Amino acid sequence: MSGVRGARLVVAGVVPAELALAVCLLAGVRIPAAVLVGAEGAVLAALVLEAVVLGRLWRAGRRTGAGRREAMGAALRTVVPEKVRRLVGHEMRALHSLGLWVLRRRHAVPEGALAAPYTRPQTAMMYGLLFVSVVETVMFALLIPWPVVHRILLVVDVYGVLLVLALHASCVVRPHVAGADGSLRIRYGALFDLRVPAAAIVTVRVERRYPEGKLMQLHPDGVLDLAVGGQTTVTVELTAPLGFVRPLGGRGQAHTVRFHADDPRSVVAALTPARTAPSPSPDPPV
């Protein structure tokens, strides 16, 4: 277990330090040779430690009967903290969504399903944030006299602008989905994804609310709010509490979900017929 703890400390310490060094190099900062050698030596030692610990965990998993991929997945989950894995995953999905946005494609909207956008209340804010980020980058370029600091901030600011665009793109290309079978998929970009089977839905209705607080919050009475622009427009009541995963891995259960859709009536109309359609009558006996 001490080896596992050491590997987790490496992920939490050495890897971010290496990323900071990479940013400096990308910005054109001249790093002394001794610092580069020391940093690369530390990274090499960290990689050796990671490989040893992962190898031990992988072999232990194989001895218990797990497959190669399953054993490696279990080893990675043991060494790399869940929050780190989820943050990296969110970022990769957001950047992938940026590519889909450029190609004008949507993610996982099957044929016959209704794609329900939800970005209208936040679009102006996102573009405003993007404008402020660009202005900030230009102002720093004009005001900061030190070339080293200017280059580092330029790399960080450009990457920040890219992430803002990717976040907005992920919300555009990953809409809510009302399936033809009456199921519902509630999403918020690359951060949240909840699948609600048709059999789990009791009622769905248009209901505009303005919850206070953060983007996602679970109330003590089991109501989950997923607000966009400080509002929700659709309320879904469930037959039983349904589990969900928060962006950083926290778990919860909700028996009612309230979320925003730009056109809530179309969502309700798409789900209601599929749930209320009469079942086919059996053939009469011959």
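Right above here is the structure, for reference.
Calculation rules
- Residues numbered from 1 in each chain as written.
- Predicted model: local features only at pLDDT ≥ 70, side-chain atom pairs only at ≥ 80, totals over all residues.
- Heavy atoms only, no water.
- Helix = DSSP H or I, 4+ residues; strand = E, 2+ residues; numbered from the N terminus.
- Buried < 20%, exposed > 50% of the residue type's maximum accessible area, 1.4 Å probe, protein only.
- Contact = heavy atoms within 4.5 Å.
- Areas by Shrake-Rupley, 256 points an atom, 1.4 Å probe, with all protein chains shown as cover.
- Core = buried A, V, L, I, M, F, W, Y, C linked by side-chain atoms within 4.5 Å.
- Pairing = 2+ DSSP bridges.
- Axes fitted to C-alpha atoms, helices over the stretch in contact; angles between N-to-C directions.
- Salt bridge = Lys/Arg side-chain N within 4 Å of Asp/Glu carboxyl O.
- Patch = residues over 30% accessible without salt bridge, like charges linked within 9 Å, V, L, I, M, F, W, Y side chains within 5 Å.
- Polar contact = N/O pair within 3.5 Å; in protein donor to acceptor, adjacent residues only side chain to side chain.
- 1 Å grid on protein atoms, 1.4 Å probe; cavity = no way out; pocket = protein on both sides within 12 Å on 5 of 7 lines; lining within 4 Å.
- Points joined across faces, edges and corners; volume = space filled by probe spheres on them.
- Nonpolar A, V, L, I, M, F, W, Y, C, P; charged D, E, K, R; others polar.

This part is about the overall build of the protein. Across its full length, the protein carries seven helices and nine strands. Taken over 286 residues, the protein has a buried fraction of 36%. Sequence separation of 24 or more characterises 67% of the internal contacts of the protein that already satisfy a separation of 6 or more. Carbon and sulfur atoms make up 65% of the accessible area of the protein, which totals about 16,800 Å².

What follows covers the nonpolar core. Core analysis: the biggest nonpolar cluster contains 28 residues, and L184, I186, F192, V196, V236 and F259 have the highest contact counts within it. Contributions of two or more residues to this core are made by strand 3 (184-188), strand 4 (192-196), strand 5 (201-209), strand 7 (223-226), strand 8 (232-245), strand 9 (251-259) and helix 7 (264-276). Counting residues per element, this core draws most heavily on strand 8, which supplies four residues. With residues up to four places along the chain from it excluded, the contact list for V196 reads S183, L184, I186, I201, L238 and L242.

Most of strand 3 is tucked away: five of the five residues are buried. Going residue by residue along strand 3, you find L184, I186 and Y188 tucked away on one face and R185 and R187 tucked away on the opposite face as well. Sheet topology places strand 2 (residues 176-178) next to strand 3; two bridges connect them, and they run antiparallel. Across the sheet, the residue bridging to V177 is R185, located in strand 3. Hairpin connection from strand 2 to strand 3: five residues lie between these consecutive antiparallel strands, with G182 at a positive phi of about 90°. Two elements, strand 3 and strand 4, share five bridges in a ladder whose sense is antiparallel. Across the sheet, the residue bridging to Y188 is F192, located in strand 4. Turn length for the strand 3-strand 4 hairpin, with the two strands adjacent in sequence and antiparallel, is three residues, and the turn residue G189 shows positive phi of about 55°.

Time to look at the sheet that holds strand 3. Taken together, the four strands give an open sheet; going across it, the order is 1-2-3-4, and neighbouring strands pair in antiparallel fashion. The sheet terminates laterally at strand 1 (114-116) and strand 4, the two strands that pair on one side only. Averaged over all neighbouring strand pairs, the angle between strand axes comes to 15°, with direction disregarded. The sheet contact formed by strand 1 and strand 2 spans three bridges and is antiparallel. From the neighbouring strand, L114 faces strand 2, where its bridge partner is A178.

Turning our eyes to something else, we now look at the pattern of salt bridges. By the definition in use, this model includes five salt bridges. Between R205 and E207 there is a salt bridge whose closest N-O contact spans 3.4 Å. The class for R205 is partly exposed, based on a relative accessible area of 32%. When its relative accessible area of 19% is taken as the criterion, E207 is described as buried. For D225, the salt bridge is made with R258, and the minimal N-O distance between the two is 2.8 Å. Taken together, the positions of D225 in strand 7 and R258 in strand 9 put the pair 33 residues apart, joining distant regions of the chain. Grouping residues by exposure puts D225 and R258 together as buried. One network of salt bridges, with partners in common, ties together R205, E207, R209 and E237.

Together, F131, V132, V134, V135, V138, M139, L142 and L143 make up a nonpolar patch on the protein surface, roughly 770 Å² of accessible area in all. Tracing the backbone shows L143 in helix 5 (residues 120-143). Take L143: its relative accessible area is 61%, and that puts it in the exposed class.

Take the environment of D181 next. Note on placement: D181 falls in the loop between strand 2 and strand 3. Taking the C-alpha atoms as reference points, D181 and A198, separated by 17 residues in sequence, lie 6.8 Å from one another. One polar contact links D181 to S183, side chain to side chain, over a distance of 2.7 Å.

Another point: the layout of surface pockets. Considering only enclosed or pocket space, the second largest pocket measures out at about 230 Å³ in volume. Lining the second largest pocket are 15 residues; nearest its centre among them are R86, R93, L191, F192 and D193. Of all the secondary structure elements, the ones that give two or more residues to the lining of the second largest pocket are helix 4 (82-102), strand 4 and strand 8. A breakdown of the residues in the lining of the second largest pocket according to their chemical character gives six nonpolar, three polar and six charged.

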